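Structure assessment
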Amino acid sequence: QVQLVESGGGLVQPGGSLRLSCAASGSIFSINVMGWYRQAPGKERELVAAITSDSDGSTNYADSVKGRFTISRDNAKKTVYLQMNSPKPEDTAVYFCNARWLRSSGYRKDYWGQGTQVTVSS
């Protein structure tokens, strides 16, 4: 099993910055991709950013956050980060850490953290 714990959320002003952390534990050896999703009230959960677990560390971002958010990982600390620069009010949401096990057969297993609230407001 894989356990994910997010931290770092809170209130941030537009133009400020915030860094979210996701600490992973358990059987993480099979995880292929880790990422951040978010869900605003009344909205569906959407992908914010993702990073592969291999040595390449390829990243993928939602168009709405490109140039403002940066995803990174520290394999030694088993932690994934989301650096949020110049956040906007529309970035307000609960942010969830995600870990994905993907096999070539198409089998996929997702693990989720409990979520951390990010509120962007003056």
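The structure reproduced in this document is the subject of the present report. Remember, predicted model here, so these are calculated numbers, not experimental data.

Below, the discussion takes up the state of the cysteines. For the coordinates displayed, the defined rule picks out 1 disulfide. The disulfide partner of Cys-22 is Cys-97, and the gap between their sulfur atoms is 2.0 Å. Judged by the sign of its S-S torsion, about -85°, the bond between Cys-22 and Cys-97 is left-handed. Taken as a pair, Cys-22 in strand 3 (residues 17–26) and Cys-97 in strand 9 (residues 93–102) lie far apart in primary sequence, 75 residues in all.

Burial runs high along strand 5 (residues 46–52): 5 of the 7 residues are buried. Across 6 bridges, the pairing between strand 4 (residues 33–39) and strand 5 is antiparallel. Looking at the pairing, Tyr-37 lines up with Leu-47 of strand 5. Hairpin connection, strand 4 to strand 5: the antiparallel pair is bridged by 6 residues, and Gly-42 has positive phi, about 75°. Between strand 5 and strand 6 (residues 59–61), which pair antiparallel and follow one another directly, the connecting turn spans 6 residues, one of which, Gly-57, has a positive phi of 60°.

Once that is clear, we can look at the side chain of Thr-79. Along the chain, Thr-79 falls in strand 8 (residues 79–85). We classify Thr-79 as buried; its relative accessible area is 11%. A distance of 2.9 Å separates a polar side-chain atom of Thr-79 from the backbone oxygen of Lys-77. In this structure, Thr-79 is in contact with Ser-21, Cys-22, Ala-23, Ser-72, Arg-73 and Asp-74, ignoring residues within four places of it in sequence.

It is worth spelling out the packing of aromatic side chains at this point. With the rule as written, the count across this model stands at 2 aromatic pairs. When the ring of Tyr-37 is compared with that of Trp-112, the centres are 5.0 Å apart and the planes differ by 70°; the resulting orientation is edge-to-face. Placement of Tyr-37 in strand 4 and of Trp-112 in strand 10 (residues 108–112) is noted, with a sequence separation of 75 residues between them. Judged by its relative accessible area of 36%, Trp-112 is partly exposed. Note on Trp-101 and Tyr-107: the rings are 5.5 Å apart at their centroids and 75° apart in plane angle, and the pair reads as edge-to-face.

Below, the discussion takes up the sheet that holds strand 3. Read from one edge of the open sheet, 4 strands run 1-3-8-7, paired in antiparallel fashion. Where the open sheet ends on each side, the last strands, each with one partner, are strand 1 (2–7) and strand 7 (69–74). Between one strand axis and the next, the sheet turns by 15° as a mean value, whatever way the strands run.

This part takes up the pattern of salt bridges. The tally for this structure, following the rule as stated, stands at 6 salt bridges. Asp-91 is paired through a salt bridge with Arg-38; the nearest N and O atoms lie 2.9 Å apart. Of this pair, Asp-91 sits in the loop between strand 8 and strand 9 while Arg-38 sits in strand 4, and the two are 53 residues apart along the sequence. Side by side, Asp-91 and Arg-38 carry an identical accessibility label, which is buried. In this structure, Arg-108 and Asp-110 form a salt bridge, with 3.5 Å as the shortest nitrogen-oxygen distance. Linked through salt bridges whose partners overlap, the residues forming this network are Arg-38, Glu-46, Arg-68 and Asp-91.

Cut-off values and rules
- Residues numbered from 1 in each chain as written.
- Predicted model: local features only at pLDDT ≥ 70, side-chain atom pairs only at ≥ 80, totals over all residues.
- Heavy atoms only, no water.
- Disulfide = S-S within 2.5 Å.
- Helix = DSSP H or I, 4+ residues; strand = E, 2+ residues; numbered from the N terminus.
- Buried < 20%, exposed > 50% of the residue type's maximum accessible area, 1.4 Å probe, protein only.
- Pairing = 2+ DSSP bridges.
- Polar contact = N/O pair within 3.5 Å; in protein donor to acceptor, adjacent residues only side chain to side chain.
- Contact = heavy atoms within 4.5 Å.
- Phe/Tyr/Trp six-rings, centres within 6.5 Å; stacked < 30°, edge-to-face > 60°.
- Axes fitted to C-alpha atoms, helices over the stretch in contact; angles between N-to-C directions.
- Salt bridge = Lys/Arg side-chain N within 4 Å of Asp/Glu carboxyl O.

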